[in-house]
Amino acid sequence: MSRKRPLDSTGEADGQDGLHDPEYVAGLFDRMASTYGVLNYITSFGFSERWRKQCIRAIPMDHSSHRLSLVMDLMSGMGEAWPSLQSLSIDKLLAVDLSPGMCEKARRNQSKYSINIQVAQGDALGNELPRGQADLVICCFGLKTLSDGQRRTLTKKVFDYLKPGGQFSFVEISSASEWWLGSLYRFYLKKIIPVLGRLFGGDPTAYGMLGIYTVAFGNCKDFAGQLQEAGMDAEYKELFFGCASIVSGSKPHGQIRV
Ligand SMILES: C[S@@+](CC[C@H](N)C(=O)[O-])C[C@H]1O[C@@H](n2cnc3c(N)ncnc32)[C@H](O)[C@@H]1O
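Here's a quick rundown of the structure. (Residues numbered from 1 in each chain as written. Predicted model: local features only at pLDDT ≥ 70, side-chain atom pairs only at ≥ 80, totals over all residues.)

## Quick word on the nonpolar core
It is characteristic of soluble globular proteins that their nonpolar side chains tend to be buried jointly.
Thought 1: By size, the foremost hydrophobic cluster in this structure holds 72 residues, and its most contacted members are Val 71, Met 72, Val 137, Ile 138 and Phe 170.
Thought 2: The greatest single-element share of this core, amounting to 6 residues, is contributed by strand S4 (residues 134-140).
Thought 3: Those residues within four positions of Ile 138 in sequence are excluded, and the remaining contacts are Cys 55, Ile 56, Val 71, Asp 73, Ala 81, Phe 168 and Ser 169. (Core = buried A, V, L, I, M, F, W, Y, C linked by C-beta atoms within 7 Å. Buried ≥ 20, exposed ≤ 12 C-beta atoms within 10 Å, placed from the backbone. Helix = DSSP H or I, 4+ residues; strand = E, 2+ residues; numbered from the N terminus. Contact = placed C-beta atoms within 7 Å.)

Here it is as C-alpha cells:
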C-alpha cells in the first residue's frame, strides 16, 4: 500500500506540514518499534492496556451474539489492541499501520492469536482499503499524530469502510481535565517519558514527540463532532480525569455520506 494521500475535500492540511507528514510519522514509529511495547506499558503504569479494553467495551454492540466478518484495526502498531479483541467473534481482522517496523513486529505477534489477522503496511487514510465491508473499526492511540484536517478525512474514511450499522471505537491519550493533573501530566509526557525512553534503550527524541502530539491533540471531543458531521452517531467519554478519551458509535443503517 502506498503512503501517498490525496488532499481532503476541504483542501486542509494533508500532512505536508512536517509533523503530520506520513513519512515522518512512520519514521518516528520505526525508531520506537523495538521499545514501544514495554515502554508504553511502563510509562502509562499499565493504563494503556486498561484504556484499550475500555475502548473495545465502549462498542455499542451485543458482544456475545455478534459475528463480525471484518474488523479493521487502524494504526494498529504491533497489535497491542488484539488481546482485547479476542473475546469477539471475528472472521477477519485487517490491521493497518504506516510504520514498517511496527508492522514487522505485528506480523511476528500475529501467531499468538486465534484470530485470522492480515497486517497491511499503509496509510489508514489511503484509497486502498476495502469499502463498505467492515462491521467494526477500532483505533487505539493513533489519532494524535494526525492533523485536524487528516482527522476530518479519517471520519469520511471510517464512514466508507463501515457497512451500514457498522460500529467504531477510538481511544486516545488526552490532556487531563483538572488543571493540576493536566500540568503534571503534560510535564510527565514531555519531560519524564523521554528520560524513561532513554533509560530503556529507546530514542528519547521520538518519545518526546509523543508528548508534543498529545498536548496539541487535546482530547477526542472535536473528533466526535467531526464523526457526527460525517453522518455517524458518536458518543464522547473521558477516562481517568480526562487522561484519555474515547469516542465510539455507529454508522446509521441506510445512511448516505453528506
Ligand atoms: C501510538 S501508536 C499506537 C499503536 C497501537 N494501536 C497501540 O494501541 O498502542 C500509533 C501508530 O499509528 C501509526 N500511524 C500513524 N498515522 C497513521 C496512518 N495515517 N495510517 C496508518 N498508521 C498510522 C503509527 O505508525 C503507529 O504505529
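## A closer look at the environment of Phe 240
Thought 1: Assignment of secondary structure puts Phe 240 in the loop between strand S6 (233-239) and strand S7 (244-250).
Thought 2: Residue classification places Phe 240 among the partly exposed positions, given that 14 C-beta atoms sit within 10 Å.

## A closer look at the sheet that holds S7
Thought 1: The mixed open sheet is built from 7 strands, whose spatial order is S3-S2-S1-S4-S5-S7-S6. On the outer flanks of this sheet lie strand S3 (117-121) and S6, each paired with one strand and no other. For this sheet the average axis-to-axis angle between neighbouring strands, irrespective of direction, equals 15 degrees.
Thought 2: As paired elements, strand S1 (residues 67-74) and strand S2 (residues 89-97) share 7 bridges and run parallel to each other. Within S2, the position partnered with Arg 67 by the bridge is Ser 89.
Thought 3: Packed onto the sheet, helix H6 (residues 148-161) meets S1, S4 and strand S5 (162-173) and runs at close to 140 degrees relative to S5. (Pairing = 2+ DSSP bridges. Axes fitted to C-alpha atoms, helices over the stretch in contact; angles between N-to-C directions.)

## So, the site of the ligand
Thought 1: Within the structure, the ligand sits among 23 residues, and Met 75, Gly 77, Ser 99, Ala 124 and Cys 140 are positioned closest to it.
Thought 2: Of all the elements in the fold, those that place two or more residues in the shell around the ligand are helix H1 (22-32) and S2.
Thought 3: Among the elements that take part in the shell around the ligand, H1 stands out by supplying 4 residues, more than any other.
Thought 4: Its residues placed into classes, the shell around the ligand shows 13 nonpolar, 6 polar and 4 charged. (Near = placed C-beta within 6 Å. Nonpolar A, V, L, I, M, F, W, Y, C, P; charged D, E, K, R; others polar.)

## Thoughts on the packing of H6 against helix H9 (residues 221-229)
Thought 1: The N-to-C vectors of H6 and H9 enclose an angle of 45 degrees; their axes lie 9 Å apart at closest approach. Comparing their axes, H9 and H6 come out oblique. By crossing handedness, the relation of H6 to H9 is classed as right-handed. Note on element contacts: H9 touches H6 through Phe 223, Gln 226 and Leu 227, opposite Arg 151, Arg 152 and Thr 155.
Thought 2: Partitioned by chemical class, the residues of the contact of H6 with H9 number 2 nonpolar, 2 polar and 2 charged. (Parallel < 35°, antiparallel > 145°, perpendicular 65-115°, else oblique. Left-handed = near helix turned anticlockwise from the far one by under 90°.)

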